[in-house]
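# Survey of secondary and tertiary structure
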Amino acid sequence: MSAHDRSGWAVFGIGDFRLFGSARFLTGLAYQMQAVAIGWFVYDLTHSALALGLVGLAGFLPAVLCALITGHVADTYDRRLVGAAAFAVQSAASFGLLAFALAGPHAVWPIYALVIAVGTARAFANPALQALLPTLVPGPQFSSAIAWNASLWQSASVMGPALGGFLYALGPAVVFGGAGASFALASLLTALIRYRPAPVSERPPITWAALSAGIDYIRSQPVVLGAISLDLFTVLLGGATALLPIYAGEVLHVGPLGLGALRSMPAFGAVAMAVLLANRPLRRHAGLRMLRAAVVFGAATIVFGLSTSLPLSMACLFVTGAADMISVYVRQTFVQGETPDAMRGRVSAVNTVFIGASNELGEFESGLLAAGIGAVPAVVVGGAATIGVALLWGRLFPALRARDRLMVQG
C-alpha cells in the first residue's frame, strides 16, 4: 500500500465517490444560498423573528412526518435513483421560488409552501444518500469518506451563504435561479453513479415492524442513541442560525453581505475540522471528545450572543462549527458504520430527523424564544443550556462517555 493509499485523499480515487461528492457539494451550495435568500426575503416581508422561526419549522416537519416511509423507501429502492429524484424536486421548488420572487410578492405563505416541498424532498434524499455512501467505498476508507463527505458539504456551506448574500444584492430571483440550476446538476450526477444494488427478488411488505425497525435499533444501541440525542440537543438549544438576520441587521449593523459572512463561519470552522479529521481520524476517547466538543459549542455560543463586534462574532461562530463537526463525525461513523446495510436506510431516516430537529426545529425554537425575551438573551440562555445538556449526557449515557474507538474492532 502506497503512502497515497494510506492518506486521507485516497478516497477521491474512487469514481463513484467523486460523483457523490460533487453532488453533495452542489446541493450544499444551493441549499445554503437559498437559506440566506429565504431568510432575508422573509425578514424583508415581515420584520418578524417568529416568521423566521416558522421557516425552520416548515423545513423540518416533512422529515418528521415522513421519517418511517422515507427510510423504508431507502431500504427498498435504488438509493441512487431516490436521491436523484429528490434533487430534481428540490430544483423544481427553487424555480418556484424564482417565479414567486419575480411576481412581486405581498404574502409570505407561498414561501412556506415551497420550503415544505424542499423539506419533503430532503426527507427522502438524506437517508437514501447516507445509506448509499458506505456502499461506495471500501471499509478501510470509510471514516475518511465520512469526513470528506462532511467537508464537501461544509465547504459549500462556506461559499453558499457568502455567495447568496452577494447575489441577493442583485435580487432574490438570482439566488433562487442559481440554486435551481445547482440542484438540477446534482440530480444528474447522482443518477450517473455506477454502483448498482443487488436485485431485490421480493420487496418487503410495508408493516409497522418494518417501518419502525430503525427506531428499535437505535433504542437498543446506547452509544448511538446517546450520540445522536446529544447532537440533537446541542444544536437545538445552542443554534443561533435563525437569529443571524436580526444580529446582522440590528446588533452588528452589517446588512446582507455581513449576514452571508456570519452564516459562512460555522461551516468554515466545520471544514477546517473535517479536513483535520479526514487526515488524522480520532483514534481514542471518541465519546469523551464528543461530550467536550458540546461544552465548547455552548461556551462559544454564549460569547457570540454577548458580542457586538463582527470579528469576535465570526470567530465564535467558527468555533461552534468546528465543535459541531466533531459531533457530526462521531455520530455519522456510529450510525453508518455499525448498522447492517439492509436497515441502514431506516436508521439513517431516524438520524435525519435528529439532524433536522437540531437545525430546522432549532431555528423555530430560537425564533420563538427571541420573540419572547429578545435575541441576545435567547442565544445566551441557549448556550448555557447546551453546556448543561453535555454534562447531563455524560451521566445518562456512561457507555458513550466510556466509548474509546470510533469503530468496533471485529
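Rules behind the numbers
- Residues numbered from 1 in each chain as written.
- Predicted model: local features only at pLDDT ≥ 70, side-chain atom pairs only at ≥ 80, totals over all residues.
- Heavy atoms only, no water.
- UniProt positions renumbered as here; feature names shortened; annotations may be inferred.
- Helix = DSSP H or I, 4+ residues; strand = E, 2+ residues; numbered from the N terminus.
- Rg over C-alpha atoms; globule rule 2.2 N^0.38 Å.
- Buried < 20%, exposed > 50% of the residue type's maximum accessible area, 1.4 Å probe, protein only.
- Contact = heavy atoms within 4.5 Å.
- Salt bridge = Lys/Arg side-chain N within 4 Å of Asp/Glu carboxyl O.
- 1 Å grid on protein atoms, 1.4 Å probe; cavity = no way out; pocket = protein on both sides within 12 Å on 5 of 7 lines; lining within 4 Å.
- Points joined across faces, edges and corners; volume = space filled by probe spheres on them.
- Core = buried A, V, L, I, M, F, W, Y, C linked by side-chain atoms within 4.5 Å.
- Patch = residues over 30% accessible without salt bridge, like charges linked within 9 Å, V, L, I, M, F, W, Y side chains within 5 Å.
- Areas by Shrake-Rupley, 256 points an atom, 1.4 Å probe, with all protein chains shown as cover.
- Expected span 1.5 Å × (residues − 1).
- Bend = angle between axes of the 7 residues up to and from the residue.

In the annotation of an unreviewed UniProt entry, the entry for the protein reads MFS transporter, and the organism field reads Methylobacterium longum. Under the UniProt heading Subcellular location (unreviewed entry), the note attached to the protein is "Cell membrane".

### Here we look at the overall build of the protein
The number of helices and strands found in the protein is 18 helices and zero strands. In terms of overall size, the protein behaves like a compact globule, its C-alpha atoms giving a radius of gyration of 20 Å where 410 residues would be expected to give roughly 22 Å. Across its three principal directions, the C-alpha atoms of the protein cover 55 × 45 × 45 Å. Per-residue burial for the protein yields a buried fraction of 59% across its 410 residues. Partitioning the contacts of the protein with sequence separation of at least 6, the portion at a separation of at least 24 is 89%.

### Some thoughts on the pattern of salt bridges
By the definition in use, this model includes seven salt bridges. The salt bridge partner of Arg344 is Asp341, with a shortest N-O separation of 2.8 Å. Here Arg344 falls in the buried class, since its relative accessible area comes to 10%. Owing to a relative accessible area of 35%, Asp341 belongs among the partly exposed residues under this scheme. Look at the salt bridges and you will find they share partners, linking Asp75, Arg79, Asp341, Arg344 and Arg346 into a network.

### Points about empty space enclosed by the protein
Here the idea is plain: a probe the size of a water molecule rolls over the atoms and shows the empty space left. Following the criterion strictly, the structure yields four cavities of 30 Å³ or more and no others. Taken together, 15 residues form the lining of the second largest cavity, with Arg24, Thr27, Phe87, Leu129 and Trp153 sitting closest to its centre. Mapped by element, the contributors of at least two residues to the lining of the second largest cavity are helix H2 (15–46), helix H5 (79–102), helix H6 (109–136) and helix H8 (172–191). Top contributing element to the lining of the second largest cavity by residue count: H2, with five residues.

### Remarks on unusual backbone geometry
With a phi angle near 55 degrees, His253 is a residue other than glycine that sits in the positive phi range. Note on His253: relative accessible area 60%, which makes it exposed. Phi angles above zero are rare outside glycine, and His285 is one such case at about 55 degrees.

### Focus: the nonpolar core
Within the largest apolar cluster, 65 residues are counted, with the highest numbers of intra-cluster contacts made by Met325, Tyr329, Val330 and Phe334. Looking at this core, the element that brings in the most residues is helix H15 (residues 310–338), giving nine residues. Apart from the residues within four sequence positions on either side, Tyr329 is in contact with Ser143, Ile146, Ala147, Leu277, Pro281, Leu282 and Leu406. Of all hydrophobic cores here, the second largest spans 45 residues; its members include Phe41, Ile111, Leu317 and Val379.

### Regarding the environment of Pro138
Summarising the element assignment, Pro138 is placed in the loop between H6 and helix H7 (142–168). A relative accessible area of 40% places Pro138 in the partly exposed class. Placed 124 residues apart in sequence, Pro138 and Ile14 show a C-alpha to C-alpha distance of 9.7 Å.

### Digging into a nonpolar patch on the surface
Taken together, the side chains of Leu50, Leu54 and Leu368 make up a nonpolar region of the molecular surface, amounting to roughly 230 Å² of accessible area. Along the chain, the position of Leu368 falls in helix H16 (residues 344–373).

### Brief notes about helix H13 (residues 255–279)
An α-helical turn contains 3.6 residues, so a residue and the one three or four places further along point in the same direction. Between its first and last C-alpha atoms H13 spans 37 Å; for 25 residues at 1.5 Å apiece the expected length is 36 Å, and the two agree. Of all bends in H13, the biggest is about 30 degrees, found at Met265, and the proline Pro266 comes one to four residues later.

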